[in-house]
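# Structural overview for review
One letter stands for each residue in the lines below.
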Amino acid sequence: MRITRRTMTLGMAAATLAGCSGAGTGPSAAPVSRMQTVPNAGYNAWVAGFKQRAAAKGISQSTIDRAFRGAGYLPEVIKLDRNQPEYKRSLEDYLAIAASDERVADGKAMVRKYNSTLSQIEAQYGVSKYIVTAIWGLESRYGTRRGNVEVVSALSTLAYDGRRGSFFESQLIAALKILQNGDTTPDKMTGSWAGAMGHTQFIPTSYLAFAVDFTGDGRRDIWDDDPTDALASAAAYLAKNGWVRGQTWGGEVGSAAASSGTPTAVIQPQVPGPKFAVFKNFSVLKRYNNSDSYALGVGYLADRIAGGAALKAQFGPDANGLTLADRKEMQRRLTLAGFDTGGADGVIGSKSEAAISGYQRSIGVPVTGDPSLDLLRRLGG
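Note that the coordinates shown come from a computational prediction; the quantities given were computed from them, not determined experimentally.

For the rest of this paragraph, the subject is helix α15 (residues 350-362). With 13 residues, α15 extends 18 Å between its outermost C-alpha atoms, agreeing within 8% with the 18 Å of an ideal straight helix rising 1.5 Å per residue. Inspection of α15 places Ser 352, Ala 355, Ile 356, Ser 357, Gly 358, Tyr 359 and Gln 360 among the buried residues, and these make up the whole buried set. In this fold, the buried residues of α15 make contact with α14 (324-336) and α16 (373-378).

Here it is, written out as structure tokens:
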């Protein structure tokens, strides 16, 4: 076994902790308001040329016409693509969000509600129902944040005016194939601004390769309020990428899961912090999103939903000398003082920074927006 140590740096778009990759996008972002198309002559000329290329790839004229009826250029998509803020999130912060008390509780509720369906999916594909539920929880907050951006408009905008034109054009061709197959309609084909779709946030090419019709209604519908096809598609994705039936993803070193066989590696992504013994299925989770933190987030959330304990090893104080418990207490006290942090998960984001600034301003000290032990003491700690 080997122990690897690495710092996790994750690019984030809005509140999303992991960028579009493979099938999904990671811990779910805040809902995006309905975007409006605007006239753009250059975009219109690009679409005219694209339609010819799509037809040459076997897309029928009727499908092309339906797909682009009402579609248009979305400047907000380009703004989001070119101005994605870079956040350095520690593994401690990532897991605090990915496996928050609320997300764990909601996951348990979803397992109870869809237990029969999840059990059938597990029986067919060999993927634990808790893993499938955890992916659902991270990708779209159990279906509550599926995205409402029109996918044809978003992908065509990015293909025309984005940084990765050829990639997004391939996704747009795949989206047209989905429409031509009759799995959904253009108005129902909505998702993130980058084209990730449905409960489990599949990009169109991953959808074509792995989505399944588990309900048997003739459509692979990952967009419907009924999550069955989407959950089965996530399981099928993992199964077809080598998921080992009956094997765990891994676990914290010293736990029963971590001692259930010979792991492929022992990793310690943050020092100080817990060490994780990981198995082949950990690598399979990374096929869904190629990030150690994402795979750990899915595995840890799945374990917590299944009734597992929280991590035992401590991460230690951050650069400001604050532990996770300190940061949670600071957020609680700021909110009680009238400066809302938007929750007490211990992760200092923009809302917590604004609350800290507001409190500092109110007591007449330099406004930095930075958490500190002194601030905690001033709040009554």
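UniProt annotation of "domain: Peptidoglycan binding-like" (unreviewed entry) refers to residues 325-379 when read in the numbering used here. Counting secondary structure, residues 325-379 comes out at 56% helix and 0% strand; the distance between its end C-alpha atoms is 15 Å.

Turning our attention to the packing of aromatic side chains. Two aromatic rings are characterised by how far apart their centres lie and by the angle between their planes. Evaluated as defined, the whole model comprises 18 aromatic pairs. A centroid spacing of 6.4 Å and a plane angle of 35° characterise the contact between Trp 249 and Phe 282, whose relative ring orientation is tilted. With Trp 249 in the loop between α11 (228-240) and β6 (250-252) and Phe 282 in helix α12 (residues 280-288), this pair connects stretches of sequence that are 33 residues apart. The class of Trp 249 is buried, set by a relative accessible area of 4%. Here the aromatic cluster, defined as three or more aromatic residues joined through ring pairs, consists of Phe 202, Phe 210, Tyr 237, Tyr 288 and Tyr 294. One Lys or Arg, Arg 164, reaches over the ring of Phe 167 and ends 4.7 Å from the middle of that ring.

Taken N-terminus to C-terminus, the directions of helix α5 (residues 101-113) and helix α7 (residues 129-140) make an angle of 125°; their axes are 10 Å apart at the nearest point. The angle between α5 and α7 falls in the class oblique. For the pair α5 and α7, the sense of crossing is right-handed. Each of Arg 103, Gly 107, Met 110 and Val 111 in α5 lies in contact with α7, whose residues at this interface are Tyr 130, Thr 133, Trp 136, Gly 137 and Leu 138. Residues of the contact of α5 with α7, tallied by class, amount to 5 nonpolar, 3 polar and 1 charged.

What counts as what
- Residues numbered from 1 in each chain as written.
- Predicted model: local features only at pLDDT ≥ 70, side-chain atom pairs only at ≥ 80, totals over all residues.
- Heavy atoms only, no water.
- Helix = DSSP H or I, 4+ residues; strand = E, 2+ residues; numbered from the N terminus.
- Expected span 1.5 Å × (residues − 1).
- Buried < 20%, exposed > 50% of the residue type's maximum accessible area, 1.4 Å probe, protein only.
- Contact = heavy atoms within 4.5 Å.
- UniProt positions renumbered as here; feature names shortened; annotations may be inferred.
- Phe/Tyr/Trp six-rings, centres within 6.5 Å; stacked < 30°, edge-to-face > 60°.
- Lys NZ or Arg CZ within 6 Å of the ring centre and 35° of its normal.
- Axes fitted to C-alpha atoms, helices over the stretch in contact; angles between N-to-C directions.
- Parallel < 35°, antiparallel > 145°, perpendicular 65-115°, else oblique.
- Left-handed = near helix turned anticlockwise from the far one by under 90°.
- Nonpolar A, V, L, I, M, F, W, Y, C, P; charged D, E, K, R; others polar.

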